[in-house]
Structure formats: structure tokens, C-alpha cells
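# Working through the structure, step by step
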Amino acid sequence: MLRFVCGWLVVFGVLGPAAAVDVLPSGIEPAKVEEVRYLEYARQCADLVIAHGTDRYGEVRSPVLVSILDVRTRDCPQEAAALDEAWRVTRRERRNPAGANLYTDQPMLRALYALSRATGDRRYAAAADASAGYTMANLVDDKGLFWWGWHRHYDVFRDVMTGHNGDFHEIHIQAALWPELWRVNHAAVAREIEAVWQWQVIDKATGECNRHADGQRGCDFAMSGGEILAAMAFMYRQTKDSDWLDRARLVANYYWKAKHPATGLTPNRPNAGADRFDGGHFDTSITAFLCRGLFLASEWSGEPEFREQAVAYLKAYGKYGYDAKAKAFWGSLKLDGTPVPGPRTIGDYAQYEPRGHIDLWQPYAAGYEHAIATALVYAYAAEATGDEELLATAKRWAESIREQFPPRGAVEHSWYGEYAREWAPHGTYAGYYGQTISFLLEMHRATGDEQYLDFAREAARESVARLYYQGLLRGHPCKPYYEAMDGVGYLLTALVELDQVLTRPSAEKRSPVNW
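To start, this report covers the structure provided alongside it. Computed from a predicted model, the values in this text were never measured in an experiment.

With that settled, consider the side chain of His281. When you line up the elements, His281 lands in strand 9 (residues 281-283). On the basis of relative accessibility, which here comes to 14%, the residue His281 falls in the buried class. A distance of 2.5 Å separates the side chain of His281 from the side chain of Glu353, its partner in a polar contact. Setting aside its immediate chain neighbours within four residues, His281 contacts Thr266, Pro267, Asn268, Ser332, Leu333, Lys334, Leu335, Val340 and Glu353.

It is worth spelling out the nonpolar core at this point. Of all hydrophobic cores here, the largest spans 176 residues; its most connected members are Trp178, Trp397, Ile437, Phe439 and Leu495. The residues contacting Leu495, other than those within four sequence positions of it, are Tyr38, Leu39, Tyr41, Ala42, Ile437, Ala460, Ser463, Val464 and Leu473.

Applying the stated criterion across every chain, the model contains 38 salt bridges. The salt bridge partner of Arg152 is Asp141, with a shortest N-O separation of 2.8 Å. On the criterion of sequence distance, the pair formed by Arg152 in strand 7 (residues 152-155) and Asp141 in the loop between helix 4 (122-138) and strand 7 is long-range, its members being 11 residues apart. Classification of Asp141 by relative accessible area gives buried; the value is 15%. Among the salt bridges present, the one from Asp486 reaches Lys479, with a minimum N-O distance of 2.8 Å. Taken as a pair, Asp486 and Lys479 share a single burial class, namely buried. Connected through shared salt-bridge partners, Glu79, Asp84, Glu85, Arg88, Arg92, Arg95, Lys479, Glu483 and Asp486 make up one network.

It is worth spelling out unusual backbone geometry at this point. Note the cis peptide between Gly342 and Pro343, where omega equals 0 degrees. Relative to the helices and strands, Pro343 resides in the loop between strand 12 (332-334) and helix 11 (371-385). At the junction of Phe405 and Pro406, the peptide bond is cis and its omega measures out at 5 degrees in the coordinates. Here Pro406 lies in the loop between helix 12 (388-403) and helix 13 (417-422).

Taking 1.5 Å per residue as the helical rise, helix 8 (residues 242-256) with its 15 residues ought to reach 21 Å, and the 20 Å between its terminal C-alpha atoms agrees with that figure. Within helix 8 the residues assigned to the buried category are Trp244, Leu245, Arg247, Ala248, Leu250, Val251, Ala252, Tyr254 and Tyr255. Those residues of helix 8 that are buried are in contact with helix 6 (186-200), helix 7 (222-239), helix 9 (284-301) and helix 10 (304-320). Its side-chain oxygen 2.9 Å from the backbone nitrogen of Asp243, Asp241 forms the N-cap of helix 8.

The next subject is helix 4. Counted at 1.5 Å a residue, the expected span for helix 4 with its 17 residues is 24 Å, and the 24 Å between its end C-alpha atoms agrees. Among the residues of helix 4, those classed as buried are Tyr124, Ala125, Ala127, Ala128, Asp129, Ser131, Ala132, Gly133, Tyr134, Thr135 and Met136.

Here we take up the packing of aromatic side chains. Going through the model one piece at a time under the given rule, you end up with 30 aromatic pairs. Each residue in the set Phe221, Phe277, Tyr349, Tyr352, Tyr364, Tyr368, Trp415 and Tyr416 is aromatic and connected to the rest through ring pairs, giving one cluster. Lying across the ring of Trp197, Lys204 places its NZ or CZ 5.2 Å from the centre. For Arg269, the ring lying beneath its charged end belongs to Phe221, and the centroid distance is 5.7 Å.

Another point: the state of the cysteines. Disulfide: a covalent bond formed between the sulfur atoms of two cysteine residues. Evaluated as defined, the whole model comprises 0 disulfides. Not engaged in a disulfide, the cysteine Cys209 finds its nearest cysteine sulfur in Cys219; these two sulfurs lie 10 Å apart. Judged by its relative accessible area of 1%, Cys209 is buried. Not part of a disulfide, Cys291 finds its nearest cysteine sulfur in Cys209, a span of 15 Å. Judged by its relative accessible area of 0%, Cys291 is buried.

Now for the side chain of Lys479. As for its placement among the helices and strands, Lys479 is situated in the loop between strand 14 (472-473) and strand 15 (481-483). Here the side chain of Lys479 touches Asp486 through a polar contact of 2.8 Å, side chain to side chain.

Turning our eyes to something else, we now look at the pairing of strand 8 (residues 160-163). Looking at chain direction, strand 7 and strand 8 are connected through 4 bridges and run antiparallel. Across the sheet, the residue bridging to Tyr154 is Met161, located in strand 8. The hairpin formed by strand 7 and strand 8 contains 4 residues between the paired strands, and Asp159 there has a positive phi angle of roughly 60 degrees.

Packing of helix 10 against helix 12 leaves a shortest axis separation of 10 Å and a crossing angle of 55 degrees. Relative to helix 12, helix 10 is oriented oblique. For the pair helix 10 and helix 12, the crossing hand works out as left-handed. Contacts from Val311, Leu314, Lys315, Tyr317 and Gly318 of helix 10 reach helix 12 at Glu389, Leu390, Thr393, Arg396 and Trp397. Partitioning the contact of helix 10 with helix 12 into residue classes produces 5 nonpolar, 2 polar and 3 charged.

Taken in spatial order, the 3 strands make up an open sheet running 6-7-8, and their pairing is antiparallel. Strands with a single pairing partner mark the edges of an open sheet, and in this sheet they are strand 6 (99-100) and strand 8.

How each quantity is defined
Residues numbered from 1 in each chain as written. Predicted model: local features only at pLDDT ≥ 70, side-chain atom pairs only at ≥ 80, totals over all residues. Heavy atoms only, no water. Helix = DSSP H or I, 4+ residues; strand = E, 2+ residues; numbered from the N terminus. Buried < 20%, exposed > 50% of the residue type's maximum accessible area, 1.4 Å probe, protein only. Polar contact = N/O pair within 3.5 Å; in protein donor to acceptor, adjacent residues only side chain to side chain. Contact = heavy atoms within 4.5 Å. Core = buried A, V, L, I, M, F, W, Y, C linked by side-chain atoms within 4.5 Å. Salt bridge = Lys/Arg side-chain N within 4 Å of Asp/Glu carboxyl O. Expected span 1.5 Å × (residues − 1). Phe/Tyr/Trp six-rings, centres within 6.5 Å; stacked < 30°, edge-to-face > 60°. Lys NZ or Arg CZ within 6 Å of the ring centre and 35° of its normal. Disulfide = S-S within 2.5 Å. Pairing = 2+ DSSP bridges. Axes fitted to C-alpha atoms, helices over the stretch in contact; angles between N-to-C directions. Parallel < 35°, antiparallel > 145°, perpendicular 65-115°, else oblique. Left-handed = near helix turned anticlockwise from the far one by under 90°. Nonpolar A, V, L, I, M, F, W, Y, C, P; charged D, E, K, R; others polar.

Limitation: the analysis is restricted to geometry and does not speak to function.
This is how it looks when you write it as C-alpha cells:
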């Protein structure tokens, strides 16, 4: 039995049960993707998002970008289909249904700015400025905090700021574009970051923070700590007020002081204690997002100590987190360096611990497993420092990705087993494709080895052939939606970056702010 999947003819049974999933055809075979410049795919998608993806609903119309756009109708659905939300976000509201969210739009704004730089067309940057500017001027709470994060969104049909589970302001995994936001409305950014210090750095003596801005002790995740300390360092750059540098150091040292004295591994949540695995385990959300924040803090402040901490964490995970026999990375480590073996559990909070070897393409947007983002940090760190140990680990990540590319799988014995069986055989999320391309381009810059550029082009061909639909790029091959949470912006940025490498090989090096 024959069936077209993403524009390709496949034999039924090769993909297993997942072949029954309804997938929109891209109409483009991988071999023909490069008949069009990668810049044009990014431009087409951005043009359609600007034309159809703003708030055209309710009584109040605004330039904010909606989070979900049906690629067939080019409308924001008032009732989006559930699709993958059980394993992608676990809570429906995190997708910003019928709404908009400046925080999850950070990758898309980054892509629009990249397009303006690459093309000289200011329309893209202007659209990004307008969306961000509207939010910072109009969608703000009484503490001065933006109405953004994974507990909040703006309902464009009802014209209301809404949310769930407390409506908390939250900082999670998307890197805020502080320089661009500052340029648009510096007063709003200053109030925002001051309020983050006031409400999310809970202990002003130790630096203990909380992903939620409720002023209480809570989830001191390292991924949130990295974003918070980077924001403090950014304010130091803008104001030269040494208090901001002290605050950035305080938060950084909160995790630094919790590290194991022999291994250098730090717990994801120092305040969680022994009852939760993250109170005493190290995972790739630390290498991905705490380390990213530390590198940004070093760049913005000029202080080497932040970079030195990041390098130390990266070297510790590189030493203890790689299984040379299996040629794979471990998903979770005890602080003494012992890997946590599989299988993964199902049915309680411990199911979120990435036990066993890393799952490169796992679907959960939050959580503790961020392999491709970690690989990108290693590649950047290797290039920025010239450190051979970091480069060796980055090469191991490239080998692991090469071994499992194209993305067609996920850990089946897991709480997201349905995704592994039915969705993963068709490809992966736009953000993973984009981060993979950016990682490979960074490796090409760091080494000069053409194999990484060739691999980046292969990943780009795969992503376009899987995700393209009549000008728009979807969040996943099995979804009919452009979706901010799925990282389409990361992919657009990567396609622009790849195009520039292919057409302008001497283009200047990318800054880590583009992660």
C-alpha cells in the first residue's frame, strides 16, 4: 500500500503505525529544496505571518503576533485542535490558545530582525518592534511585569489578559531579546527587570530565585536562573550601576555554591531537597540555559567569571555525561557523576527525569531534557574560547546527531510513548531543526570543516521538505499549524543564517544572543 507523507511516496508499514497520521504535503522533495534560496523560504513565511498573523480579532485590533496560525486558512483558530499538547506542553494554556504571548514570540522576533539585517527590508524589524512595543505599553501587570510567560497570554478574541495556575509572570527557556526590547521601550524594560529582581529573586542574600514572580520560595530551576542573571547583567551594561552586576553575580553564585566539590556538577533545583530528583541531579537544561545565561552575562558585563562558570559546568558534563561505550550522552547525572540509568518511569513526577541516554528529539517543550540546545552551547563555547576539551565534546554531539538524523524516533518507553509511536516517525519540531542547523553552522565556524556545512544543508532540506506548506512553515510535520511554541522562529533564523553562509561566506560571526 502506498501513501504520500510530506510530499514523499512511502511504502505503508515502513513507518509503522504512525503512517496513519494525517500529514499535509509540502509539495517539495528534499532534492529540490535548494532550487530556491533558503532566505526566500524564511521571507515567504515571515511575509505571511506579518500579513495574516497579527491580532485581527475581537473589538481591539493590535500588531501583536498570534501564537497559532492555521496554515490552511491563515487564521488564528479560536479553538485550536489539541493535537500534541498532551506531550508538547502538558497544559493547553501554554500554547496561548486563541492568543498571543511576547515571551514565546522571542524566537520569531529574532527571525524578523535577522531578515531585516539580511535583506535591508525594514518591514520585518518594524513588525517585530510593533508587536513588542504594543505588549510593553499595554499588556503589563500592576508590578510592572510584562504579561508574558508560560502562565499568561493575551486572548485576541476577548481582548483580555488571561492565564492559568495563578497567572504568574514566568521566565523559562526562551532567551529574551533585551537589547531589541530596550531599543523599543527602555523604560518598560527597566521596570520589568527591576520587578524580576524584586519578585523573582526571593532571597536577596543567597540569590535563590523562583521561575514565578509571586515573591515566594518556589521553583529555583537553573534554566530560569540563567535568564534572570543575564537580565541583571544586561541592566548593568545599560546603566553601569554596579548593583546590577552584584545581583547577576548573586544569582550565578547561588548555583555555583551548590555544586559538588569533586565533580563540579550542580543540582537543577538546589532548594528541592532529596524528595525530588532535580534537588540532587544535573541535566541538560543546565548546560543549555544556565550556561547560555552565563555566557550572555559575560558578554554584556565584560566580566570573565560568568564565562568561567559556564565553561566549568560544560566541562563537568562533558566528563561525566558521555557514555563512550554507547557513544551517547546521559540524560541525568547524580552530583557525584554517576549516570541515572533507564528505563524511564511513567505515571508520577519522576517520569520527567530523562533517565538513561538522552532523547535528542523528545517532544516536551519544558522539562529537563534539552539536547540540541546543549549542543549549540558547546559549539559556541568551543569557538569563543578555543578550548579543545569543549570542542571534543561538541564533536561528540555532532556525531550523536549524525547517528540519529534524520529525526524519526523518540524513547517509546516513556510518558510520551504515543508521540514516539505515531508522530516521531514523520520528523521533529521546527525549533529542533533550526537549532540543529545553527549548531552545525557554529561547528563549521569553529573548525572550518565542510562536513558540518554539508550536514547543515541536509538538515535544512529535511526541514523545508517536512514543514513547508504554501509559504508557511509548520511547527511539526504532523500539525496544520504555524505555532510559536514549536520554535518556527528558530528555524527561520537558521535558514537566514545558512543562506548568508552560502552567499556571503565572510559574514561576521553570530552573537550568542541569537540562540
